[in-house]
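# Commentary on secondary and tertiary structure
Given next are the chains, with one letter for each unit.
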Amino acid sequence: MATASYPPPPPYYRLYKDYLENPKSASEPPPAIEGTYVCFGANYTTDDVLPTLEEQGVRQLYSKGPNIDFKKELRSLNRELQLHILELADVLVERPSQYARRVEEISLIFKNLHHLLNSLRPHQARATLIHILELQIQRRKQAVEDIKRRREEAQKLHKESLGTLDGHY
Amino acid sequence: MSLLLLVEVTKMDIISQLQEQVNAIAADAFNTFGALQRDSPSVRLSPNYPEPPPANPTEDATSFAEQPKIMSAALVKAAKQFDALVAALPLSEGGEEAQLKRIAELQAENDAVGQELEKQLEAAEKELKLVQELFGQASDNCFNLKRPD
């Protein structure tokens, strides 16, 4: 790991001295990294997946199961949040020393809300991909139609021109 | 999907809007409780203690009484906006498998249309070459003032 304050760039450029004459003289670039790697002293992973709430030590409030009804869960979490805020207001009036538990519950609801929203992102990514594919198919079909039309026009012109040329002989 | 496109032009995507709305609700709640705790008049703990000194006259009495109303109305409004945004989510029917299936279908269709496009392109280029040749010959003949034969 480089510890100099202004380290020089890596010396790999020397390997490519004769690249123009002989592209095979330089070594192949290293294969893509898999798993975890270290970059500037920090650990990163190539496996980008959203860690579940349990892995972060947070209790999951919405129902689990393979297919989550996001709209329903988001709405019920919102309602619970409002109720807890009301509860906190009550507690502050009646038993002010017990605020901590209420505040914890409110932050738990917020964590669940954000986790739900984050787990919507892969769905959004796939939906965007579907949309892009549909657009591309539409554009390609349009291009095929255009080319067909132009070819027909060109063939018509070609026949006509042959006809006029023949007419002159 | 069309809603997603519409929102893209003017604001950010719906999920980011939802995330911002959640944070806005949190900020509203935080500010509400903070302002109430900071500005509310002191509570009398026991009849033995004297009345607390009168409130600072610069603090407008009416505006303090209205503050909780205004702030709680803002909280409720933020929550309602969140519900509206949730209702606007374009969540299609079936979850991951349905989406993956649709992607596979679209890829197959895309490949088929792509091949058709390539075919048409090839044929069109061949015809273009033919026409260019003919044009070259005709212009050569014109140029050389050859009699048509």
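Because the structure is a prediction, the values reported are computed rather than measured. (Residues numbered from 1 in each chain as written. Chains lettered and ligands numbered in written order. Predicted model: local features only at pLDDT ≥ 70, side-chain atom pairs only at ≥ 80, totals over all residues. Heavy atoms only, no water.)

### Observations concerning the packing of helix α2 (residues 99–118) of chain A against helix α2 (residues 14–39) of chain B
To be explicit about the condition: Between N-to-C directions, angles span 0 to 180 degrees; the directions come from axes that are lines fitted to C-alpha atoms, helices contributing only their stretch in contact. Where helices and strands are cited, they refer to DSSP runs of H or I of at least four residues and of E of at least two residues respectively, numbered from the N terminus. For classification purposes, an angle smaller than 35 degrees is called roughly parallel, one larger than 145 roughly antiparallel, one from 65 to 115 roughly perpendicular, and anything else oblique. Whether two residues are in contact is decided by their heavy atoms, any of which lying within 4.5 Å being enough.
At a closest axis distance of 10 Å, the pairing of α2 of chain A and α2 of chain B adopts a crossing angle of 170°. What the angle tells us is that α2 of chain A and α2 of chain B run roughly antiparallel. On the side of α2 of chain A, the interface is formed by F110, L113, H114, L117 and N118 of chain A, while α2 of chain B contributes I15, L18, Q19, V22, N23, I25 and A26 of chain B.

### Observations regarding the UniProt feature "coiled-coil region" (unreviewed entry) in chain B
This is how the line gets drawn: UniProt positions are given in the numbering used here, feature names are shortened, and annotations may be inferred rather than shown by experiment.
Under the feature "coiled-coil region" (unreviewed entry), the UniProt entry names residues 103–141 of chain B. Along residues 103–141 of chain B one finds 100% helix and 0% strand; the C-alpha atoms at either end are 56 Å apart.

### Some points on the pattern of salt bridges
Residue and element names in this part refer to chain A. Note the following rule: Whenever a carboxyl oxygen of Asp or Glu lies within 4 Å of a side-chain nitrogen of Lys or Arg, that contact is scored as a salt bridge. Working definition: with a 1.4 Å probe on protein chains only, accessible area under 20% of the residue-type maximum means buried, over 50% means exposed, and in between means partly exposed.
Counted under the stated rule, the structure contains twelve salt bridges over all chains. Across the pair R102 and E87 runs a salt bridge whose closest N-O atoms are separated by 2.9 Å. Separated by 15 residues along the polypeptide, R102 in helix α2 and E87 in helix α1 (residues 70–94) bring together distant segments of the chain. Relative accessible area serves as the criterion here: at 16%, R102 is assigned to the buried category. Judged by its relative accessible area of 31%, E87 falls in the partly exposed class. A salt bridge links E105 to R102; the shortest N-O distance between them is 3.6 Å. Of this pair, E105 and R102 both sit in helix α2, three residues apart, which is roughly one turn of that helix.

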